[in-house]
Amino acid sequence: MYDLVLRGGTVIDPSQGLRGQLDVAVEGGHIAEVTAEIDTTGAKRVIDISGRTVTPGLIDLHAHVFEGVNEAGVQPDLAGVRAGVTTIVDAGSSGAATFAAFPRHILPHNATEVLPFLHICQTGLATNPDIIAAASIDLDATLRVVAEHKGLIRGIKARMVSPALDILGMEMPRLAKRAARESHLPLMVHIGDTQKRYRSDVIRELLPMLEPGDIVTHLFTANPGGVVDGGGRLVPEARELIDRGVWLDAAHGRLNFGFDVARRVLDQGLVPHCISTDLTVPGRRATVHSLVEMMGRFLGLGFTLDQVIGMCTVNPARVLGEQERLGSLAVGRQADISVLDVRQGDWVVYDTVGEGMRISQALVPVLTVKRGQVFEAEWGPHAWGWEPAGYLAP
Ligand SMILES: [Zn+2]
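Since the structure is predicted, the reported quantities are computational estimates derived from the model, not experimental observations.

(A) Representation of the pairing of strand 8 (residues 58-63) in the model. In terms of residue burial, strand 8 counts as a mostly covered element, since 6 of its 6 residues are buried. Sheet topology note: the strand 8/strand 9 (residues 85-94) ladder contains 4 bridges and is parallel. By the bridge assignment for strand 9, Ile-59 is matched with Thr-87.

Written out as structure tokens, the structure reads:
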């Protein structure tokens, strides 16, 4: 009969508007049944998850897992199946000159599904800064590598930062957009100049270049080049994004998330489709920590649990054009499942400009199922585990 039955949990699957105490059965690496009280006779493995929350496998739309090539690359399974996450987009850690290490040295050694985007800088994020001269971009080599790894590379990445913009100006995103268009892939653009050097209104030239299916990441950056002007108002080109079919991702990272910016952007009606980490080795230790911690921050910003789960499941699946395979517990889909603990408490989390926010709900990963295989969560990024830092009275 079934390979696996998860029994007694509360299923929340926004892709189907499904919520309730339901069992989930898996067979042959796919979702076989989602109903109350599944008959477990003959099931190879039954796991009692009473009191836990069951969601489609979480998707982190922006992380860095080029481990062993880039110094900041996190081991994919540490950011993935051991952290409640079943699929990770590597957001441009590699470029044309380094990409070949992904299929050779990274992907075969991890259970977590990694969907890489290719950086328009040919060395990717192997060095910091990434683009240091016009020759850092080789459009022909980029197109050739995408063609050689057809189906594996899922998008092109560009970063609106100095010194890339000082050297190339808008030619930088233009070349990235050309690479994306000629490869029939989406473009993901990092906004927010971490060096705080380039003109902050560069966003007004960037956004009209984006087409439906492209992705803006770091929506709530407090750095110059974000979607709000000096007075905290959305620039007109950002307001137009609401109806333009451009995906909005709120990757946090160590440098690109302000709670105040988030509240202003949300108040003006611009809502991100996705929550992601921009996880790196140093980001895991400080500031970002994990995708579940990011989800807790969005609960703190006023989103509901169902909304937050949708922003890490069905929405990123749609961004990736994988909604028929990922991001849902519908029967027949790939058996990617996250089992989480929703905890009540009193914690304080900090954005990248040092502003704190008290939150009263946090998520902790318990189990992850990837293509039918079960993984337990590891200890977590903090000395005490997965929960955010406790609140200390001043
Ligand atoms: Zn990143």
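On we go.
(B) The arrangement of the side chain of Asp-130 in detail. With respect to the secondary-structure elements, Asp-130 resides in the loop between strand 10 (113-119) and helix 3 (139-148). A distance of 2.7 Å separates polar atoms of two side chains, one belonging to Asp-130 and the other to Arg-159. Discounting residues that sit within four places of it in the chain, Asp-130 has contacts with His-119, Cys-121, Thr-123, Gly-124, Leu-125, Ser-136, Arg-159 and Val-161.

(C) Quick look at the sheet that holds strand 1 (residues 4-7). The sheet built from 4 strands is open, its strands ordered 5-4-1-6 with mixed pairing. For this open sheet the edge positions go to strand 5 (30-35) and strand 6 (46-48), each flanked by a neighbour on one side alone. Mean inter-strand twist for the sheet, computed between neighbouring axes without regard to direction, equals 15°.

(D) Focus on unusual backbone geometry. Following Asn-128, the chain continues into Pro-129 via a peptide bond in cis, with omega recorded as 5°. Looking at where Pro-129 falls in the secondary structure, it is placed in the loop between strand 10 and helix 3. In this structure, Pro-163 follows Ser-162 across a cis peptide bond, with omega equal to 0°. Looking at the secondary structure, you find Pro-163 in the loop between strand 11 (155-159) and helix 4 (164-168). Non-glycine residue Asp-278 carries a positive phi angle of around 60°. Within the secondary structure layout, Asp-278 lies in the loop between helix 8 (259-267) and helix 9 (281-285). Of note in this structure, Arg-371 is not a glycine but carries a positive phi near 50°. Of note, Arg-371 is situated in the loop between strand 16 (356-370) and strand 17 (373-376).

(E) How the structure looks around the domain arrangement of the protein chain. According to the domain assignment, the protein chain contains domain 1 (4-55 + 330-376) and domain 2 (57-319). The distance between the C-alpha centroids of domain 1 and domain 2 comes to 26 Å. With 29 residues of domain 1 in contact, the opposing surface of domain 2 contributes 37 residues. A combined buried area of about 2,700 Å² lies between domain 1 and domain 2, and 64% of that area is made up of carbon and sulfur atoms.

(F) Expanded view of the coordination of the zinc ion. At 2.0 to 2.3 Å from the zinc ion lie its protein donor atoms, namely His-62 (NE2), His-64 (NE2) and Asp-278 (OD). Mapped onto the sequence, the residues coordinating the zinc ion show the spacing H-x1-H-x213-D. One exposure class covers both His-62 and His-64, and it is buried.

Quick notes on the rules
Residues numbered from 1 in each chain as written. Predicted model: local features only at pLDDT ≥ 70, side-chain atom pairs only at ≥ 80, totals over all residues. Heavy atoms only, no water. Buried < 20%, exposed > 50% of the residue type's maximum accessible area, 1.4 Å probe, protein only. Helix = DSSP H or I, 4+ residues; strand = E, 2+ residues; numbered from the N terminus. Pairing = 2+ DSSP bridges. Polar contact = N/O pair within 3.5 Å; in protein donor to acceptor, adjacent residues only side chain to side chain. Contact = heavy atoms within 4.5 Å. Axes fitted to C-alpha atoms, helices over the stretch in contact; angles between N-to-C directions. Domains from an automatic or database assignment. Buried area = accessible area lost by both parts, 1.4 Å probe. Donors = N, O, S within 2.8 Å, 3.2 Å for Na, K, Ca; no water.

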